[in-house]
Amino acid sequence: MTNQSNNDLYRNSIQYVHGLITPSSDTESMLGTRTIFHGIHSPEIFTSETISLPELGPGEILVKVRLASICMSDVHTITGHRTEPTPSVLGHEAVVEVVAHRRPESDLSEGDRLTFSVADCCNKCEFCLKGLNQKCTKLFKYGHAKLSDGSGFNGCYASYIILRRGTHVVKIPDVISDRCAAPINCSLATTMCAMEFVPKIKNGRAFVQGDGILGLYTCAALRELGYDTVYCSGMRIRRSEFIDRFGAIPLYNDEVLHEETNKIDVVVEVCGVSAVVNDGIRLLKPGGLYLFLGMVHPHSELNITGEQIIRKCLTIKGVHNYAPRHLDQAVDFLEKTIQKYPYDEVIGPAYALSDLSAAMKLSIEKVYSRVLIKPNMT
Amino acid sequence: MSGGRILLRIFSHGKSRVSEWFHSVQTKNKLKTDPISGARTVFNGVDSKTMFAPQNIPLPELAPGEILAKVRLASICMSDVHTITGHRIEPTPSVLGHEAVVEVVDHRRPESNLAIGDRLTFSVADCCGNCEFCLKGLNQKCVKLFKYGHAKLSDGSGYNGCYATHIILRRGTHVVKIPDVISDRCAAPINCSLATTMAAMEHVPKIKNGRAFVQGDGILGLYTSAALREHGFEKVYCSGTRLQRSKFIDRFGAIPLYNDEVLHEETNKIDIVVEVCGVSSVVNDGFRMLKPGGIYLFLGMVHPHSQLNITGEQIIRKCLTIQGIHNYAPRHLDQAVQFLAKTIRRYPYEEVMGPTYDLPDLPAAMKLAIGKQYGRVLVKPNMVN
């Protein structure tokens, strides 16, 4: 044996003795495949790389990506509407499986299916301490980090991801399939975060502007909170047929609901289009609440006056990402309502990692609420 | 005194006739069986030949729940200035003026503990108490809303505004007694400025080492600065326009800044920003200063020229809350009186007030109010006693 392999054996045996890794998952000799995004002006936008997985640091979890889903923010990144640091591994929505971990105080086991917080945070800065962890001063976001940051296995368009020690994780109950679980840690958790601001209102009326996955989840969440009448406006494409099955009354973008002027308690913008805001303000009753979720891009100029906000005593609340508690709430919510809403049916087909480009293309078309990537095909 | 030089017309009555009339009112018996006359200044609209016209007419009998009150001292709210300069449209003809400390002359609220001579402040919004909005504590948006100083002459008794010797408070109007420690000069602005400030404060959390920025140094800005300090905010900035009233900013507990000063070091560090200047262009700077999770209160921009130049992204990325505050609910009037009684010695409430004019000199008073030199300019309709 060479010195190198003697050292390897030694190091691995120490780690085995300390119970930090199981002998069947010697991470040092494991290889991971990741799809690297180089930026839209690069000669090759995506390249594939297979390299050794690094050793885990304290508190880290090595997970296999079971199923990832393509969030619209990634679509915006690869179509140039949004700028992220490069090179990087994109993808932040996924259901993953524990391979090895260094969280001895936890109850994690190899094989556990998990969802995880997109935001890795410090838990002690001003923002973490007030429950706004997504604005942590030391924020790190999976799928939004440079390759050189941390382990480099930072995104879900890869066979593995290394979860850092500040990352909150939640186990997925068996009743939730992989297809339903994948979008939990962005779409559904963000919806839970939005719902934190929604009061329980007797005979409440709501209007959801947008019928993507955020819109559909928001409709269900509002109905579960007790809202009587929930409208959801969509764009007349295939996924809109699910609006009523998620508990809402479907409308199409060009329909103006005159009879609800000044009658809506909560309007939720989840379409990313700033032009809808004037209609939202019209619909809101005095004292009403407007949640802004979708317009996370610079082309979101608002064409409103201060007077409109003041005269109706409106509240406008911006919701960006979520905090650890919302991930817990998302899993509970999904488990509780899994039979009630067609969560599986709105999700589209799954592509292999090597077909990421094709998957992205299908996502752009917005036919399905989500398009999936299954990196570990075996 | 040449009060009528700007856009306002001179009264049709001579000043001596009005004084004569005032005296005759004062000698009338105050029992409700004797008819008394009141004088009111009717606003006919900016384009009218006689913009302000005085009127003396008998006061109607009180209906159940109503209170006949003498106007002790009224203050000119900026919204009235906007109305008479044409920036704001109100129904006409009407009696303007909605901020005042009044005194009970007579009442039909047997269940109350009101007595003749009580000094009161009263809610600008008369409301029904049982619609959806009243029931959720947003009385100022009552479906049957009536606002003093904003109602047509033909609505109700017609004695609907404070630029008059008397006002008849309707039965849906919440009133609060003024403690002796609060002078008339300090009491007059309670029922618009200070009560609205209390409504705004309801949305302000108690934050350890809180930092706030108040955009505007008019009476709303000064009251808001004091309220934030009393709420425990450590650092309160207040930006003003270098007018005389700006010199009071620090005495109301805030660090004075001027409009052209940009506080770079507080970018992303401010917990609460309060817009109380009515100028929409300050909003971008407010957004810059707010920290993630911060709250922006909008109070001043109650007019159509308040176009915002912001993006949805700015609001979302910092998880900001924007809260619009318009007027207030009955509980805020109670809070305002308590707040003022508690802090009356701590802040120079009296000193920021300007001079007092009598009712025929309303145009001169308005002109001074437009100049924004003082927190408020006053009108004393009942000059005798």
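Here the structure is a predicted model, which means the values were calculated and not measured.

**Description of the domain arrangement of chain B**
Residues and elements named next belong to chain B.
Then step 1. Under the domain assignment, chain B is made up of domain 1 (37–193 + 329–380) and domain 2 (204–324).
Then step 2. Counting from both sides, the interface comprises 20 residues of domain 1 and, opposite them, 17 residues of domain 2.
Then step 3. A combined buried area of about 1,700 Å² lies between domain 1 and domain 2, and 61% of that area is made up of carbon and sulfur atoms.
Then step 4. When the buried surface of domain 1 facing domain 2 is broken down by residue, Ser193, Tyr347 and Val352 rank first, second and third, together holding 28% of it.
Then step 5. Counting every contact that joins domain 1 to domain 2 gives two salt bridges.
Then step 6. A salt bridge links Glu230 to Arg346, with the nearest nitrogen and oxygen atoms 2.5 Å apart.

**Focus: the sheet that holds strand 13 (residues 264–269) of chain A**
Then step 1. Here we have 12 strands laid out as an open sheet, ordered 12(A)-11(A)-10(A)-13(A)-14(A)-15(A)-16(B)-15(B)-14(B)-11(B)-12(B)-13(B), and mixed in their pairing. Either end of the sheet is taken by a strand with one partner, and the two such strands are strand 12 (249–252) of chain A together with strand 13 (255–258) of chain B. Averaged over neighbouring strand pairs, the angle between their axes works out to 15° when direction is ignored.
Then step 2. Summarising the sheet, strand 10 (residues 205–209) of chain A and strand 11 (residues 229–234) of chain A pair through five bridges and their orientation is parallel. By the bridge assignment for strand 11 of chain A, Val208(A) is matched with Cys232(A).

**A short note on helix 6 (residues 213–225) of chain A**
Because an α-helix completes one turn every 3.6 residues, residues spaced three or four positions apart along the sequence face the same direction.
Then step 1. In a regular helix each residue adds 1.5 Å, so 13 residues correspond to 18 Å; helix 6 of chain A covers 18 Å between its end C-alpha atoms and thus fits that length.
Then step 2. Where burial is concerned, most of helix 6 of chain A is hidden: 10 out of the 13 residues are buried.

**What to know about the interface of chain B and chain A**
Then step 1. Counting residues at the interface gives 36 residues for chain B and 37 residues for chain A.
Then step 2. In total, about 3,000 Å² of surface goes out of reach between chain B and chain A, with carbon and sulfur atoms giving 59% of it.
Then step 3. Contact with chain A buries area across many residues of chain B, yet Ile316(B), Arg317(B) and Cys319(B) alone supply 21% of it, more than any other trio.
Then step 4. On the surface where chain B and chain A come into contact, there are two salt bridges.
Then step 5. Residues Glu126(A) and Lys291(B) are paired through a salt bridge, measuring 2.5 Å at the closest nitrogen-oxygen approach.
Then step 6. Joining chain B to chain A, the criterion identifies 22 residue pairs in polar contact (both at pLDDT 80 or more).
Then step 7. Breaking the side of chain B that touches chain A down by element, the ones donating at least two residues are helix 3 (132–135), strand 15 (290–298), helix 8 (312–317) and strand 16 (321–324) of chain B.
Then step 8. Sorting elements by how many residues they give to the side of chain B that touches chain A places helix 8 of chain B first, with five residues.
Then step 9. Among the residues forming the side of chain B that touches chain A, the class breakdown is 16 nonpolar, 12 polar and eight charged.

Rules used in this analysis
- Residues numbered from 1 in each chain as written.
- Chains lettered and ligands numbered in written order.
- Predicted model: local features only at pLDDT ≥ 70, side-chain atom pairs only at ≥ 80, totals over all residues.
- Heavy atoms only, no water.
- Domains from an automatic or database assignment.
- Contact = heavy atoms within 4.5 Å.
- Buried area = accessible area lost by both parts, 1.4 Å probe.
- Salt bridge = Lys/Arg side-chain N within 4 Å of Asp/Glu carboxyl O.
- Pairing = 2+ DSSP bridges.
- Helix = DSSP H or I, 4+ residues; strand = E, 2+ residues; numbered from the N terminus.
- Axes fitted to C-alpha atoms, helices over the stretch in contact; angles between N-to-C directions.
- Expected span 1.5 Å × (residues − 1).
- Buried < 20%, exposed > 50% of the residue type's maximum accessible area, 1.4 Å probe, protein only.
- Polar contact = N/O pair within 3.5 Å; in protein donor to acceptor, adjacent residues only side chain to side chain.
- Nonpolar A, V, L, I, M, F, W, Y, C, P; charged D, E, K, R; others polar.

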